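Reading the structure
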Amino acid sequence: MRFYRSEEEWSSIAERLKQTHCPHCKVVGTLIQHGSLFGYDERNPQRRARRARRIFCSNRNSRRGCGRTFSIWLADKIRRLSLTSSTLWRFLQLAVFGSIAASIRAIDCHLSDRTLQRIWKRFDLSQCPIRTALLNQRPPPELVVERSRWPARAQVLAHLQTAFPDADCPIAAFQQAIQIFFL
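Residues numbered from 1 in each chain as written. Predicted model: local features only at pLDDT ≥ 70, side-chain atom pairs only at ≥ 80, totals over all residues. Heavy atoms only, no water.

Under the definition given, this model contains zero disulfides. This cysteine, cysteine 66, is not joined by any disulfide, and cysteine 22 carries the nearest cysteine sulfur, 3.8 Å off. A relative accessible area of 28% means that cysteine 66 is categorised as partly exposed. We note that cysteine 109 lacks a disulfide partner, and the nearest cysteine sulfur, in cysteine 169, lies 15 Å from it. (Disulfide = S-S within 2.5 Å. Buried < 20%, exposed > 50% of the residue type's maximum accessible area, 1.4 Å probe, protein only.)

Time to look at the side chain of arginine 53. Looking at the element boundaries, arginine 53 is found in strand β3 (residues 48-57). A distance of 3.3 Å separates polar atoms of two side chains, one belonging to arginine 53 and the other to tyrosine 4. Those residues within four positions of arginine 53 in sequence are excluded, and the remaining contacts are Tyr4, Glu7, Trp10, Gly35, Ser36, Phe70, Ser71 and Ile72. (Helix = DSSP H or I, 4+ residues; strand = E, 2+ residues; numbered from the N terminus. Polar contact = N/O pair within 3.5 Å; in protein donor to acceptor, adjacent residues only side chain to side chain. Contact = heavy atoms within 4.5 Å.)

Once that is clear, we can look at the sheet that holds strand β4 (residues 69-74). Taken together, four strands build an open sheet; the order of strands is β1-β4-β3-β2 and the sheet is mixed. Each having just a single partner strand, β1 (2-4) and β2 (31-40) make up the two edges of the open sheet. On average, adjacent strands in this sheet sit at an angle of 30° to one another, irrespective of strand direction. Bridge count for β1 against β4 is three bridges, and the pairing is parallel. When the sheet's bridge partners are listed, arginine 2 is paired in β4 with isoleucine 72. The strands that helix α1 (residues 7-15) touches are β1, β2, β3 and β4; relative to β1, the one it contacts most, it runs at about 135°. (Pairing = 2+ DSSP bridges. Axes fitted to C-alpha atoms, helices over the stretch in contact; angles between N-to-C directions.)

On to the pattern of salt bridges. Across all of its chains, the model carries three salt bridges by this definition. Among the ionic pairs, aspartate 41 bridges to arginine 47, the shortest N-O distance being 3.2 Å. For aspartate 41, a relative accessible area of 10% puts it in the buried group. Note on arginine 47: relative accessible area 48%, which makes it partly exposed. Residue arginine 153 is joined to aspartate 124 by a salt bridge in which the shortest nitrogen-to-oxygen separation is 2.9 Å. Taken as a pair, arginine 153 in helix α6 (residues 152-163) and aspartate 124 in helix α4 (residues 113-125) lie far apart in primary sequence, 29 residues in all. Residue classification places arginine 153 among the partly exposed residues on the basis of a relative accessible area of 27%. (Salt bridge = Lys/Arg side-chain N within 4 Å of Asp/Glu carboxyl O.)

So this is what it looks like as structure tokens:
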């Protein structure tokens, strides 16, 4: 699984496809572009936005490939969500340091309250893998005494922000640096 941030980065990846091994069968020289994955746009639910590029390990015409496909995702997209990583980051920050109800009203998106509550639950359940991945990147931040009573969710966000201090969106930086989905 891979992530890219810009069209220039995608062009670089696409140019190296023939020298890249298939993640399934490990054969080199069989990868070709195979279209795109589209999903609903965050701002306009009627419009579709590109979320990932598909890659095919060709087994046609006596090639040694396995015939399987995989995706290379845009770093600012989240699997199975129409929200971008920056909107998710804003929602999580508001929910951790305020209330879920207030954060739902503040982000002003087309998703229902129940959907955003499920996203919150998904974040809550994925804290262990996120923390483990972040520990490989950087140790957790030292929290001041009054902040040591922060809930675990706030500690995860603080760790994410210190691991990627220069990033506009720490979630997108997490996905690109660690090469796993945030949620």
